[in-house]
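# Residue-level structural notes
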Amino acid sequence: MKKMLALTLAGVMAVSMPVLAATSPTAQSYSTSSTSSASSVSAVTASSVPHSVAKAAADENKTVGEYMNNAVTQVPGIDNALPLGQGGHVIINGVPSNQTFSVLKPAKENVNLAKNQAAALGGTILNVAQIKASVTGFNTATVNFYLKGIKAGQNIKVYQLVDGQWVELTVSEIREDHVVVDMTSLGTLAFIEVPVVIAPAK
């Protein structure tokens, strides 16, 4: 009887425990792999999750789908915001890790500042989010953000709000549904599409 109970509990734990330690990818495999399931945000309903999860989502001012997928899909003040998420495997100081950067709702005043920045650039605001993580004090974090609808060749700029000013970050790759960004600290990011400037023919 004890053996049967132990096997049953082991089975329940194997099914219910999240995978916390995946094999770290190389930089090459990282840059070509999908890192977020934010595209499935709409498939999650509040009735299908525990009360504790629904409360945690509400505490972050998120829908259950946003919370469970580490994503922000709706931002007050931004019409048709592109779903933004982060699926982990952040490269810290050049070394692949299992670190995930949390994607949280931005403060309203920061959304307004981001819209002003987009207007000054003649661009379109795609999304704004506050980025947090348990890791701090890094020199560089290469972060693969899921940004649904992005295509290779689009001119996407990413800015971080630092002391009330927008500082442009290095975007190392843009491909379908992904924007890879080099960050040197955590904070509020604005994803902005700007017109492609074509140099005049000589």
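Look above for the structure.
This section reports on the structure supplied with the text.

What counts and what doesn't
Residues numbered from 1 in each chain as written. Predicted model: local features only at pLDDT ≥ 70, side-chain atom pairs only at ≥ 80, totals over all residues. Heavy atoms only, no water. Helix = DSSP H or I, 4+ residues; strand = E, 2+ residues; numbered from the N terminus. Buried < 20%, exposed > 50% of the residue type's maximum accessible area, 1.4 Å probe, protein only. Contact = heavy atoms within 4.5 Å. Areas by Shrake-Rupley, 256 points an atom, 1.4 Å probe, with all protein chains shown as cover. Phe/Tyr/Trp six-rings, centres within 6.5 Å; stacked < 30°, edge-to-face > 60°. Expected span 1.5 Å × (residues − 1). Salt bridge = Lys/Arg side-chain N within 4 Å of Asp/Glu carboxyl O.

## Notes on the overall build of the protein
- Secondary structure assignment for the protein yields five helices and 12 strands.
- Looking at the 202 residues of the protein, the share that counts as buried comes to 39%.
- Restricting to contacts in the protein with at least 6 residues of sequence separation, those with at least 24 account for 74%.
- Element-wise, carbon and sulfur atoms account for 57% of the exposed surface of the protein, whose accessible area totals about 11400 Å².

## Some thoughts on the packing of aromatic side chains
- Counted by the stated rule, this structure contains two aromatic pairs.
- Between Phe101 and Phe138 the ring centres are 6.0 Å apart and the planes differ by 35 degrees, which places this aromatic pair in the tilted class. Remark: Phe138 occurs in the loop between strand S6 (124-132) and strand S7 (141-147) and Phe101 occurs in the loop between strand S4 (95-96) and strand S5 (102-104); sequence separation between them is 37 residues.
- Given a relative accessible area of 0%, Phe101 falls into the buried group.
- Ring geometry for Phe145 versus Phe191: centroids 5.4 Å apart, planes at 75 degrees, classification edge-to-face. Taken together, the residues span a long stretch of sequence, with Phe145 in strand S7 and Phe191 in strand S12 (residues 187-193) at a distance of 46 residues.

## What to know about helix H5 (residues 108-121)
- The terminal C-alpha atoms of H5, which comprises 14 residues, lie 20 Å apart, in line with the 20 Å expected from a rise of 1.5 Å per residue.
- Immediately beyond the C-terminal end of H5, within one or two residues, lies Gly122, with a positive phi of roughly 70 degrees.

## Looking at the environment of Ala57
- By the secondary structure assignment, Ala57 is in helix H3 (residues 51-59).
- Separated by 10 residues in the primary sequence, Ala57 and Tyr67 have C-alpha atoms spaced 5.3 Å apart.
- In this view, Ala57 contacts Lys62, Thr63, Val64 and Tyr67; residues no more than four positions away in its chain are not counted.

## Digging into the pattern of salt bridges
- Applying the stated criterion across every chain, the model contains six salt bridges.
- The partner of Lys105 in a salt bridge is Glu66, and the shortest N-O contact between them spans 3.0 Å. Linking Lys105 in the loop between S5 and H5 with Glu66 in helix H4 (residues 64-68), this pair joins segments that are 39 residues apart in sequence.
- Judged by its relative accessible area of 1%, Glu66 falls in the buried class.
- Among the salt bridges present, the one from Glu168 reaches Lys157, with a minimum N-O distance of 3.3 Å. Of this pair, Glu168 sits in strand S9 (residues 165-168) while Lys157 sits in strand S8 (residues 156-162), placing them 11 residues apart in sequence.
- By relative accessible area, Glu168 is classed as partly exposed at 43%.

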